[in-house]
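Letter by letter, the chains look like this.
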Number of protein chains: 2
Amino acid sequence: MSEALRVTYELTCRPGEDPEDKARGVALEQSAELPSRCIPAHVYDEVVPRIEALEPREDGRYHLVLAFPEAITGYEPTQLLNNLFGNISLKSGIRLTDIQWTPALLRALGGPRYGIAGVRGLLGAGERALTSTALKPLGLDTATLAGYCADFARGGIDLIKDDHGLCDQASSPFRERLHACQRTVDEANAATGRASLYLPNVTAPRGELEARLDAAQEAGCKAVLICPFLTGLDALIWARERYDLALMAHPAFAGSVAGAEHGLDPALLLGEITRLFGADMVVYTNAEGRFPTYDQPLCERINDRLRRPLDGIRPALPTPGGGVDAARAGYWLERYGRDTVLLIGGSLYAQGDLTAAAQRLQAVVEGH
Amino acid sequence: MSEALRVTYELTCRPGEDPEDKARGVALEQSAELPSRCIPAHVYDEVVPRIEALEPREDGRYHLVLAFPEAITGYEPTQLLNNLFGNISLKSGIRLTDIQWTPALLRALGGPRYGIAGVRGLLGAGERALTSTALKPLGLDTATLAGYCADFARGGIDLIKDDHGLCDQASSPFRERLHACQRTVDEANAATGRASLYLPNVTAPRGELEARLDAAQEAGCKAVLICPFLTGLDALIWARERYDLALMAHPAFAGSVAGAEHGLDPALLLGEITRLFGADMVVYTNAEGRFPTYDQPLCERINDRLRRPLDGIRPALPTPGGGVDAARAGYWLERYGRDTVLLIGGSLYAQGDLTAAAQRLQAVVEGH
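Predicted model only: the values in this text are computed from it and were never measured.

Draft legend 1. Looking closely at the nonpolar core. Y9(A), W101(A), L135(A), Y9(B), W101(B) and I273(B) are the most contacted members of the largest nonpolar core, which totals 226 residues. Residues in contact with I273(B), not counting those within four places in the same chain, are L81(B), L84(B), I99(B), W101(B), L233(B), L264(B) and L268(B).

Draft legend 2. View of the packing of aromatic side chains. Under the counting rule described, the total for this entry stands at eight aromatic pairs over all chains. Summarising the aromatic geometry, the rings of Y331(A) and W332(A) are spaced 4.8 Å apart at their centres and angled 85 degrees between planes, so their arrangement reads as edge-to-face. Using a relative accessible area of 2% as the deciding quantity, one classes W332(A) as buried. Of the aromatic side chains, those joined through ring pairs into one cluster are Y148(A), F152(A) and Y349(A). The cationic tip of R328(B) hangs over the ring face of Y331(B); the distance from NZ or CZ to the ring centre is 4.2 Å.

Draft legend 3. Up close: the relation of the copies chain A and chain B. The transform that puts chain A on chain B rotates by 180 degrees and translates by 0.0 Å along the axis, for an RMSD of 0.0 Å. Taken together, these values place the two copies in the relation of a two-fold axis. Residue G232(A), judged by its C-alpha, is the member of chain A lying nearest the rotation axis, at 2.1 Å. Most of the interface of chain A is mirrored in chain B, where 100% of its interface residues are also at the interface.

Draft legend 4. A look at the domain arrangement of chain A. Residue and element names in this part refer to chain A. What the domain assignment reports for chain A is domain 1 (4–109) and domain 2 (115–366). At the interface, 19 residues of domain 1 touch 21 residues of domain 2. Around 1,800 Å² of area is buried between domain 1 and domain 2 when both sides are counted, 61% of it from carbon and sulfur atoms. Sorting the residues of domain 1 by area buried against domain 2 places R95, L106 and L109 first, and these three jointly supply 35% of that buried surface.

Draft legend 5. Structural detail: the interface of chain A and chain B. Facing the 72 residues of chain A at the interface are 74 residues of chain B. Of the roughly 6,100 Å² buried at the junction of chain A and chain B (both faces included), carbon and sulfur atoms supply 62%. The largest per-residue losses of area from chain A upon contact with chain B belong to L90(A), R206(A) and F253(A), which jointly make up 14% of the total buried on that side. In this assembly, chain A and chain B are joined by ten salt bridges. Taking the shortest distance from any N to any O, the salt bridge between E29(B) and R290(A) comes out at 2.6 Å. At the boundary of chain A and chain B, one finds 29 residue pairs in polar contact (both at pLDDT 80 or more). Listed by contribution, the elements that provide at least two residues to the side of chain A that touches chain B are α2 (41–47), α3 (77–85), α8 (208–218), α9 (228–231), α10 (234–242) and α14 (346–349) of chain A. Residue classes in the side of chain A that touches chain B are distributed as 34 nonpolar, 24 polar and 14 charged.

Draft legend 6. Representation of the sheet that holds strand β3 (residues 62–69) of chain B in the model. All names here are of chain B. Across the sheet, which stays open at both edges, the five strands sit in the order β2-β3-β1-β4-β10 with mixed pairing between neighbours. In the strand order of this sheet, the two ends are held by β2 (50–56) and β10 (263–264), each with one partner. Pairing between strand β1 (residues 4–11) and β3: eight bridges, direction antiparallel. Residue pairing for β3: V7 is matched across the bridge by L66. Across the sheet, helix α11 (residues 266–276) touches β4 (94–100) and β10, and the angle it forms with β4 is around 35 degrees.

What counts, and at which threshold
- Residues numbered from 1 in each chain as written.
- Chains lettered and ligands numbered in written order.
- Predicted model: local features only at pLDDT ≥ 70, side-chain atom pairs only at ≥ 80, totals over all residues.
- Heavy atoms only, no water.
- Core = buried A, V, L, I, M, F, W, Y, C linked by side-chain atoms within 4.5 Å.
- Buried < 20%, exposed > 50% of the residue type's maximum accessible area, 1.4 Å probe, protein only.
- Contact = heavy atoms within 4.5 Å.
- Phe/Tyr/Trp six-rings, centres within 6.5 Å; stacked < 30°, edge-to-face > 60°.
- Lys NZ or Arg CZ within 6 Å of the ring centre and 35° of its normal.
- Least-squares fit on C-alpha atoms with pLDDT ≥ 70 in both.
- Domains from an automatic or database assignment.
- Buried area = accessible area lost by both parts, 1.4 Å probe.
- Salt bridge = Lys/Arg side-chain N within 4 Å of Asp/Glu carboxyl O.
- Polar contact = N/O pair within 3.5 Å; in protein donor to acceptor, adjacent residues only side chain to side chain.
- Helix = DSSP H or I, 4+ residues; strand = E, 2+ residues; numbered from the N terminus.
- Nonpolar A, V, L, I, M, F, W, Y, C, P; charged D, E, K, R; others polar.
- Pairing = 2+ DSSP bridges.
- Axes fitted to C-alpha atoms, helices over the stretch in contact; angles between N-to-C directions.

See below:
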C-alpha cells in the first residue's frame, strides 16, 4: 500500500480569492487536472491529494498540507517535480515550503553517493571544515587558469572548481583546461602531500554532458561541478549512477524558482531537493555577500536541510559562496560549523598572491 | 568577429539601491563574476557586457540593455541560459524581457524542425486552425484512455496528447499506453480518412527519455509531448536532432521561472526561447481559463514571439489551453488567428459523448 507524500504550501489569496477554492484547485491541478465532476470516483480517491490541513496564519496567508498518493509520481524524479509544482507554478500566490517524504520516494531519489563523509574521505580532510575556490574570470586562457589552479593547490585549497561560466569557450576549451588543471593539481599534491581536487564544470547539453563526465573521470578527477537548474535536476541522478565522481551543484538559474510569495522555498529547493537528487555539495549564495535575498536565517535553513537526518539519505555539504570575505572565515565557521565548504573567490583574487592567500585561509579553517 | 547579443532587463531598485550599480552588477555577475579591479583589462573588454542603455521609466523601474560578446556563451544552449539569467536569478528585481539574437546564436539553437508548415503537413490540415486535447485523468487504466483516444480521433481532433501528468504509473504504464493509443488512432484514421496524431508524454529522466522517444518513433508516432522545464530545455534540441517527431512543449514548472518583478518574461521564455530550443508547438495557459496571471495581452505577446519572423528559424504553433471553453473556440480563433492549436480538455470531457463533442468543435474550427 503506497504511503502519502505530505506537501506543505503557503497560499497568498488575492482579494476575493477563497482559500478553500484555492486549496482544492491546487490539489486538482497537481493530479487529475479536471473538474471534480469529470473524475470517476475510484480515480478521485486514488489520485487527488487529500487536504489534511488548511489554516489561516497571522500574516493573512494560509498554511495548506496536501497528502498526495505517492504512486502518482510513478516514482520518477521528473514527474515528482511536476506533482510538486508543475501546473501551479503558472499560477500565483502558492509557495512550496515543506515535504514529508515517503520511504519509497527517498529510495527512488537516493541522495548523495559520497555525502559529507565521502567527500572528506576523498580529501583526506578528517573532521575539519573545507575550502573551495573558483578559477576565473571567463576569458583567461588555459595556461593562466591552470596557473591559478596550481597556486591554489599549493596553498592547500581543498576543492578548486571551474567558475560555473567556464564551459567550452574558445578562450579555454574544456578538454584542454581539464587536462591542464588536473595535471597541476596532481603536481601540487605530490609536492604538498595534500589531496586537493580540481572540479571541472561539466554542465552542457545532454550528449556533451556525458562526454565531459567521461573525460573528467578518465582524466583522474574525483569530483565535478554541475548546474542542475540549467541541465535539469535529473542530470545529478544520471551522474551519480554512472560515475565515480563527487558532485558539486551550483544554483545558477535556480533563484528565480524561489520567490517570496510564489515559488519554491530556497531551503527546500537547494537544501533538500538538490541533495536528494544526488548533490554531495551544494553551492548557495551566502548572506552578507552579493545576494541580498539570502539572509542568514535562510542560509541556516539551507544548511539544516542539507545535513539533517533523512532516512537512508547521506547528508550533503553546504557550500556558501557568492562574495564571502576570506577575512571572515572564522565568523562563518562559528555559525555554520565544520561540516561546511567555504567557497571564496574574489576575496582571494583581490589579495594578489594566490598561494599566500590560500595558506592564510587554510590556517584559519584548519585551526577552527 | 563575433557580434553582440543584446539583452534587455527591467530593473526594480530597492530603496537606496543605485540603478547604475545594479546595472554594472548584472553585467559583471553574468560574465566575469569578479570585481572590475580583479579582471585583466584585455579580458574585461572581451567578456563583460557593455551597458548600451540605462533609462528610467515612468513606473520607477529602469530599462537596461546589455551588449554581451556572444562568444562567452560558447554557443552552447546551457551556457546561454546561464549568461542570460544564471547568477542574477538569485538576486531580486531583475526581469529579462527581450533578446536581440545574433545570427550565430540563432543557428546554434536552430528552432523548430517542423514548424507550423511541417505540423500542418503531418496532419494534412491545409491552412485551417488546429485542435488538441488531453487524455486524462491520471489514474485511469490504459484501455479507458485508449478508448478516449479513439473517441477523439473519430471526432476529428488533430493532436491527441497524453495529459502531461501521465508517464509510467502502474495505472497506465508508458509502453502499454503508447501502443494502445497509437493503434486506436491508426484505426480511427483508417475509418475517417483523417490524420489525427497521438502524442505520448516522453518526459522522463535522461536515459529513460531517450528510450521513450525511441519507443514512440518505433510505434509510428509523428509527434510527442515534452515538459522541457522538468527535463531541461536542451531535451528539445536533443529530440529534434535525433528523431522524426514533431515536439509539443508543455510549460509545467516554467511559471516558477517567470515572474512579474523578477524572472523571465513568460512571452520571452515560452514564446521565443522554447521555440528556439526546438518546440514545434508550445502549450501555454490561456487567458480566462484557470490561470489568471496569463491575461490576453500576454497571450498575444506569446503568440507573436512564437510566430514572428526570426532569421532562419521556423515559426511555432501557439497551443493555448488550461481551461479553454469549447463553446468559445470561434472567439479565440478570431483573436489568435488560424495558426493556432486550440487545446481543450475538461470542456470536452464535460460534454460526455467525446466523439460528438469533438465533432462540434471541429466544425467550428474548420469552418473558421
